[in-house]
Amino acid sequence: MTGIVDYNAGNIKSVERALESLNIKYIRSKNPKDFKDCDRLIFPGVGEAAYAMEQLNSSGLADFLREWVNSKKPLLGICLGSQIIFDYSEESDTKCLGFIPGKIRHFSNLWQNSELKVPHMGWNNISYTNGGCPLFKGVAENSDFYFVHSYVIQPQDESVIKGVCEYGIKVPSCVQKENIYAFQFHPEKSGVAGLTLLKNYCTGTISTNGEIVC
């Protein structure tokens, strides 16, 4: 079963609707104990990094997620959830979960010269890098996905970047490190391509190291 982590960071309903359209069984909860029958988690979110970390730390979900990741169970971060799995965010100078080494930086601190607007909002196509990600099975390269973000994932190890789009710079859009997956875009708002990714994650076979095999 798939668990949806609810930490008062929004965007839960659209993820629920997407899973319901796919006939995926799921449970949504703020309580770690409710995920005892789950074999994979979705970690969505929109909003501000410091507030999200405050919610995770105060609820005990931060420690639960650390145990989950260390036990080699699959975790999928979406949007804000894709960012705060890293070490640090420039947004409000926030220490994050630290599951993957790296920082989250504002577009303005990465662009050399750009008149593009922030946030990066709307549809953008993704090209695959470093062999792509198993979750892209059945999704053509350069498919469009829906983005809304002002901060950019900057992993310490660039080999974990599995997909990028262009927005003034190459923007890491899909990241995978073993059992940890992250989408900067919103698959639940990205039509058939996005639903395919969610279906692959929720129905794929889990290997011994927590990776999804599609």
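Residues numbered from 1 in each chain as written. Predicted model: local features only at pLDDT ≥ 70, side-chain atom pairs only at ≥ 80, totals over all residues. Heavy atoms only, no water.

1. Concerning unusual backbone geometry
Formally: Under the scheme used here, helices are H or I runs from DSSP no shorter than 4 residues and strands are E runs no shorter than 2 residues, and both carry numbers assigned from the N terminus.
The omega torsion across V118 and P119 is 10 degrees, close enough to zero to call that bond cis. Residue position: P119 is located in the loop between β7 (100-106) and β8 (120-125). Not every positive phi belongs to a glycine, and S92 is a case in point at roughly 60 degrees. You can see S92 is positioned in the loop between β5 (86-89) and β6 (94-95). With phi around 50 degrees, D93 is a residue other than glycine that occupies positive phi space.

2. Here's the deal with the packing of helix α2 (residues 49-59) against helix α3 (residues 61-70)
Geometry of a packed helix pair, given as the angle between the helix axes and the separation of the axes. The following threshold applies: Here, axes are lines fitted to C-alpha atoms. For helices the fit covers the stretch in contact, and angles between N-to-C directions go from 0 to 180 degrees. The cut-offs work like this: below 35 degrees is roughly parallel, past 145 is roughly antiparallel, 65 to 115 is roughly perpendicular, and the gaps in between are oblique. Any two residues whose heavy atoms approach within 4.5 Å at even a single point are treated as in contact. Side-chain classes follow a simple rule in which Ala, Val, Leu, Ile, Met, Phe, Trp, Tyr, Cys and Pro form the nonpolar group, Asp, Glu, Lys and Arg form the charged group, and the remainder, Gly included, forms the polar group.
Interhelical geometry of α2 versus α3 gives an angle of 85 degrees and a closest axis separation of 5 Å. When the axes of α2 and α3 are compared, the pair comes out roughly perpendicular. Residue-level inspection shows L56, N57 and S59 of α2 in contact with α3, the latter providing L61, A62 and L65. When the residues that make up the contact of α2 with α3 are grouped by side-chain class, the tally is four nonpolar, two polar and no charged.

3. As for the sheet that holds strand β12 (residues 161-166)
Basically, it comes down to this: Strand pairing is defined by DSSP finding a minimum of two bridges between the two strands.
On the basis of which strands lie adjacent, the open sheet formed by eight strands has the order β2-β1-β3-β4-β14-β13-β12-β9 and mixed pairing. Pairing within the sheet leaves two strands with one partner each, and these edge strands are β2 (26-29) and β9 (127-128). Here α3 sits on the sheet in contact with β1 (2-5), β3 (40-43), β4 (75-78) and β14 (180-183), set at roughly 135 degrees to β3.

Interpretation note: all reported values are geometric properties and have no functional meaning in isolation.
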